[in-house]
Amino acid sequence: IGLDLHAKALYLEQSPSRRALILTADLLGFTERISNTLAQRALAKHGLARHQIFFFASHTHSGPAVLDRLTLSVADSPAFHAEAEAYTAALIDKLDQLMARALAKTEPVTLASGWTSAPFAINRRVEHRAAQPDAEEGAQLVAEEHEAEQRGQVAHPENLRQQAVGERHRAQPD
C-alpha cells in the first residue's frame, strides 16, 4: 500500500430521538454487506437505527477490494477472495470502533449551513479549452473581488444563484 487510507466519523445529537452518525472512508464505496453489518452493530450497541447512519466514500479507484464485490480488480482466485475477505472483516471492525469513539466523544456545537451552486459541468470525454479573460479584465475582476471582500460583501452576487463566478469565462469545447 503506497498511501494510508482514512476513515472519519461524526456523531450529531439534538435530542435522543434526533441523532445521526456520518461515516466516511477512502473506499470505492460501501457495500451492502459492510453498511448492513455496521448498521446492525450500531443498533445493538448504541441504539442507532439504520436511517440515522449515513455512509460516504471518496470513491477512490486505488483502494482495496471489499466484499461483497466492490472492486475494480479482475482477479478471481481463492487467494484474492481470502485477502478481500480478511480486509473486509478488519475494515468492519475498525469502522465499528470508530463509531464507538465518535459516540463516546460528544460536545456541544452550533451548526450552520449555506447554499450555492456551480451550474457548470464538463464532459471528461470531450477535449475542452478554457476561455481565459485577458490580463486587463482579469485584473479588474480581482480588484472588484478584493474591494468587496474588504467591505464584507460579495463582488458579483448575481453569480451566486444562477451562475458560477466567472461564468463568462466558462470553458468551451472546440
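Located above this text is the structure these notes cover.
Residues numbered from 1 in each chain as written. Predicted model: local features only at pLDDT ≥ 70, side-chain atom pairs only at ≥ 80, totals over all residues. Heavy atoms only, no water.

1. Thoughts on the sheet that holds strand β2 (residues 18-25)
- Read from one edge to the other, the open sheet built from 3 strands follows the order β1-β2-β3, with strand pairing classed as mixed. Each edge of the open sheet is held by one strand with a lone partner, namely β1 (7-15) and β3 (53-57). Going from strand to strand, the sheet's axes swing by 15 degrees on average, the running direction of each strand aside.
- Pairing geometry for β2 and β3, over 5 bridges, is parallel. Paired with Ala25 across the bridge in β3 is Ala57.
- Of the strands in this sheet, β1 and β2 touch helix α2 (residues 78-104), which is tilted by about 40 degrees from β1. (Pairing = 2+ DSSP bridges. Helix = DSSP H or I, 4+ residues; strand = E, 2+ residues; numbered from the N terminus. Axes fitted to C-alpha atoms, helices over the stretch in contact; angles between N-to-C directions. Contact = heavy atoms within 4.5 Å.)

2. Here's the deal with the nonpolar core
- Counting residues in hydrophobic clusters, the biggest one holds 21 residues, and the most contacted among them are Leu21, Leu23, Phe30, Ile34, Leu38, Leu48 and Leu95.
- Within the residue set of this core, elements represented by two or more residues are β2, α1 (32-46), β3 and α2.
- With 7 residues, the single largest contributor to this core is α2. (Core = buried A, V, L, I, M, F, W, Y, C linked by side-chain atoms within 4.5 Å. Buried < 20%, exposed > 50% of the residue type's maximum accessible area, 1.4 Å probe, protein only.)

3. Remarks on the pattern of salt bridges
- What the rule picks out here adds up to 4 salt bridges.
- Linking Glu85 and Arg33 is a salt bridge whose minimum nitrogen-to-oxygen distance equals 2.5 Å. Here Glu85, found in helix α2, pairs with Arg33, found in helix α1; they are 52 residues apart in sequence, far enough to count as distant.
- With its nearest N and O atoms 2.4 Å apart, the salt bridge here joins Lys45 to Asp96. In this pair, Lys45 sits in helix α1 while Asp96 sits in helix α2, placing the two residues 51 residues apart along the sequence.
- The exposure class of Asp96 is buried, given its relative accessible area of 7%.
- Three or more residues joined by partner-sharing salt bridges are found here, namely Arg41, Lys45, Asp93 and Asp96. (Salt bridge = Lys/Arg side-chain N within 4 Å of Asp/Glu carboxyl O.)

4. Side note on the side chain of Arg19
- With respect to the secondary-structure elements, Arg19 resides in strand β2.
- For Arg19, the side chain forms a polar contact with the side chain of Tyr11, separated by 3.4 Å. (Polar contact = N/O pair within 3.5 Å; in protein donor to acceptor, adjacent residues only side chain to side chain.)

5. Concerning the side chain of Thr88
- Turning to its location among the elements, Thr88 is positioned in helix α2.
- A relative accessible area of 0% places Thr88 in the buried class.
- Setting aside its immediate chain neighbours within four residues, Thr88 contacts Arg33, Ile34, Ala65, Val66 and Leu67.

6. Some details on the pairing of β2
- Of the strand pairs in this sheet, β1 and β2 are connected by 8 bridges, and their pairing is antiparallel. Residue pairing across strands places Leu10 opposite Ile22, the latter belonging to β2.
- Hairpin connection, β1 to β2: the antiparallel pair is bridged by 2 residues.
- For the crossover from β2 across α1 to β3, the handedness is right-handed. (Right-handed = clockwise from strand over helix to strand, strands pointing away.)

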